[in-house]
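# Summary of structural features
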Amino acid sequence: MELKEVLRFADEKVFSTTGKHLDDLQEAILKEAVQGRKYAAKVAKDRGCSEGYVRVAAAELWKILSEVLGEEVSKVNVRAILERAKFYNFSPTIDSENVTVNNHVNFCQEKTRSPASPAKSEQTPDKPQIDLGDAPEIFTFFDRTPELSTLENWITVDRTRLIALLGISGIGKTTLSLRLIDEIKTQFDCVIYRSLRFSPTLDATLTNLLQIFSQTSEIPQNTDTKIFQILDYLRNYRCLIVLDDVQMLFSIGHLAGNYKSECEDYRLFFKLIAEVCHQSCLILNSWEKPREIARLEKDDRPVRSIVLSRLEVAAAKEILREQKLADEKTWSTLIDIYQGNPLWLELTATLIRELFGGRVAEFLQCEMPILDESLQFQLSQPFGRLTVAELAVMVHLANQHEPVAVSQCFNKIPYSPSEIVNAVRSLGNRFLLDAIEREKITLLSLNPVVKQYVKTQFS
Ligand SMILES: Nc1ncnc2c1ncn2[C@@H]1O[C@H](COP(=O)(O)OP(=O)(O)O)[C@@H](O)[C@H]1O
Ligand SMILES: [Mg+2]
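Right, let's talk about the domain arrangement of the chain for a bit. Domain parsing of the chain yields domain 1 (3-89), domain 2 (122-307), domain 3 (313-367) and domain 4 (379-458). At the junction of the two partners, domain 2 supplies 8 residues and domain 3 supplies 8 residues. When residues of domain 2 are sorted by the area they lose upon contact with domain 3, F142, G170 and I171 head the list and together hold 63% of the total. Applying the counting criterion to the domain 2 and domain 3 interface returns 0 salt bridges.

Structure follows, in structure tokens:
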């Protein structure tokens, strides 16, 4: 919900109960507090009064809002309570065309229906229930400070309900999400990590989640009922759920982000997570951008996406140091060639150790980039999913020495301009090509590793 909307709603509620609108000072305090900011010093400075005065006014405001909204309001929970109250006040704006679940449109009615037997009822916020399933153990973690703080902010301050953590395979999505869990787990009642690498049906995933949420109660048979039970948990408990390898839900040989027919109902589930009011967060890790994410982001839902790019040079050097490589002076070149991709660097470092005794300078004498066999295997996975038009675009780009405009691909590839444009967009959603703006023109190119892969495999 937009800040303006939250403020307007608070004012309307206060006015309808007390007959008085919020005054300027109360509005200023509320504005800062709902954005999760420390308000006392700023509001005092802006209004030329003392911080003490602002604090007293704030205490009075929380009291009024608590009375008006019927629950204890403080600076910490004011946004969540206002959003929830607004949601329960009005019908949700769910796209009815897509909601067929149980003919059950107004989820707010569900508020009073508590989960059957909450596994979490006796737990305190310091002791969240954590189930990381088969998540890999993280031994080392470097950098990613800005990404961690962005994610933390979205989750804890903005109360974002659905986040897509995106980027090419090996860039560090799994590692980052596990690190994030480690940093913020105490703020949740329940933390779950699951990989969808074997493309489970939505029903199987929901059953799995319900088994964690309610260990003792019976799991309903029906998928619709499972969805509603999950939403109940997400509403009544603060849960953080990471679903990894979401790309495995998408079909091979179609443009990026198209669900396999047997996984199509995930689309509705993710949409509900974004649109229905609850206090939890679902993170989707994927090397293909789910299509609905862009639409939901545009609609101003509590939905965000972040694309992971290369590791910082200093962090990438730490990876090479761990691998005990020599010739530190040449490491920056190596990092640049392998795009600061931690997995590509790890695989290449192993090759350098095994064949060149760890001497990076000697390895760099070879014609670059050398693609280790396991690196080729890594790249074969996204490439195995491309449409023929996408592959044709990649082959065309791999043969260019300079970045080219999209229109320069027309007539060079045996596909219509529409097919080429769609293919380019889809490749962007797979993070396989680089697009830069130069003099108001979008120019496309491939990074050296991907270029080399295309040349060796498809030319
Ligand atoms: N920030 C990081 N610091 C150190 N190693 C990292 C970091 N991010 C990723 N790695 C390493 O890179 C490899 C690939 O990371 P992973 O998270 O599995 O990528 P993705 O999930 O995007 O495919 C793993 O071996 C991981 O240990
Ligand atoms: Mg991963």
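Moving on, we get to helix α7 (residues 173-184). If you check α7, its first and last C-alpha atoms are 16 Å apart, about what 12 residues at 1.5 Å a residue would give, namely 16 Å. Along α7, the residues classified as buried are K173, L176, S177, L178, L180, I181 and I184. Those residues of α7 that are buried are in contact with α6 (145-157), β2 (162-166), β3 (190-195), β4 (239-244) and β5 (281-286).

Another aspect to go through is the packing of helix α12 (residues 313-322) against helix α14 (residues 342-356). Running from N to C, α12 and α14 point in directions that differ by 30 degrees, and their axes come no closer than 10 Å. Taken together, α12 and α14 sit at an angle that is classed as roughly parallel. When the axes of α12 and α14 are compared, the crossing they make is right-handed. Along the contact surface, α12 presents A316, I319 and L320, while α14 presents P342, L345, E346 and A349. For the contact of α12 with α14, the class distribution of residues is 6 nonpolar, no polar and 1 charged.

Our focus in this paragraph is the sheet that holds strand β9 (residues 441-445). Consider a sheet: its strands pair through backbone hydrogen bonds, and that pairing is either parallel or antiparallel. Across the sheet, 3 strands lie side by side as β7-β9-β8; this open sheet has antiparallel pairing. Whereas interior strands pair on both sides, the edge strands pair on one side only; in this sheet they are β7 (404-405) and β8 (434-438). Here β8 runs beside β9; their pairing, made up of 5 bridges, is antiparallel. Looking across to β9, one finds that D434 is bridged to S445.

Taken together, 17 residues sit near ligand 1, with F142, G170, K173, T174 and T175 positioned nearest. A distance of 2.8 Å is found between a nitrogen atom of ligand 1 and a backbone nitrogen or oxygen belonging to F142. T174 places a polar side-chain atom, nitrogen or oxygen, 2.8 Å from an oxygen atom of ligand 1. When the free accessible area of ligand 1 is taken as 560 Å², the share hidden by the protein chains comes to 82%. Contributing elements (two or more residues each) for the shell around ligand 1: α7 and α14. Structurally, the shell around ligand 1 is a two-domain feature, drawing no fewer than three residues from each of domain 2 (122-307) and domain 3 (313-367).

As for its placement among the helices and strands, E275 is situated in helix α10 (residues 265-275). In this structure the side chain of E275 is engaged in a polar contact, spanning 3.3 Å, whose partner is the side chain of R301.

So, how was this worked out
What you see as residue numbers is a count from 1 along each chain, following the sequence as written. Whichever chain is written first becomes A and whichever ligand is written first becomes 1, with later ones labelled in order. Given that the model is predicted, a residue must reach a pLDDT of at least 70 before its local features are reported, and side-chain atom pairs must reach 80 or more before they are shown or counted; all residues, however, enter totals for whole chains, interfaces and linings. Based on all heavy atoms of the structure, the side-chain values leave hydrogens and waters out of the count. Residue ranges for the domains trace back to a domain assignment, done automatically or taken from a database. We call two residues contacting when some pair of their heavy atoms lies within 4.5 Å. In this description, buried area is defined as the sum, over both parts, of the accessible area (probe of 1.4 Å) that is lost when the two are combined. The salt bridge definition used is simple: a Lys or Arg side-chain nitrogen within 4 Å of an Asp or Glu carboxyl oxygen. Put simply, DSSP marks the helices as runs of H or I at least four residues long and the strands as runs of E at least two long, and each gets a number from the N terminus on. Expected helix span is computed as 1.5 Å times (number of residues minus one). Accessible area is worked out with a 1.4 Å probe on protein chains only. A residue is then buried under 20% of its type maximum, exposed over 50%, and partly exposed in between. Helix axes are fitted to C-alpha atoms over the stretch in contact, other axes to C-alpha atoms as well, and angles between N-to-C directions run from 0 to 180 degrees. With respect to orientation, any angle under 35 degrees is reported as roughly parallel, any angle over 145 as roughly antiparallel, any angle of 65 to 115 as roughly perpendicular, and every other angle as oblique. Note: crossing handedness is left-handed where the near helix turns anticlockwise from the far helix by less than a right angle, and right-handed where it turns clockwise. Each residue receives one of three labels: charged for Asp, Glu, Lys and Arg, nonpolar for Ala, Val, Leu, Ile, Met, Phe, Trp, Tyr, Cys and Pro, and polar for the others, Gly being one of them. Paired strands, in this sense, are two strands between which DSSP finds at least two bridges. Any residue with a heavy atom positioned within 4 Å of a molecule or strand is treated as near that molecule or strand. Identification of polar contacts relies on pairs of N or O atoms within 3.5 Å, with a donor-acceptor requirement for protein atoms, meaning one able to donate a hydrogen and the other able to accept it, and with residues adjacent in sequence counted only if both atoms are side-chain atoms. Shrake-Rupley sampling with a 1.4 Å probe provides the accessible areas, and residues are treated as covered by the protein chains on show and by no other component.

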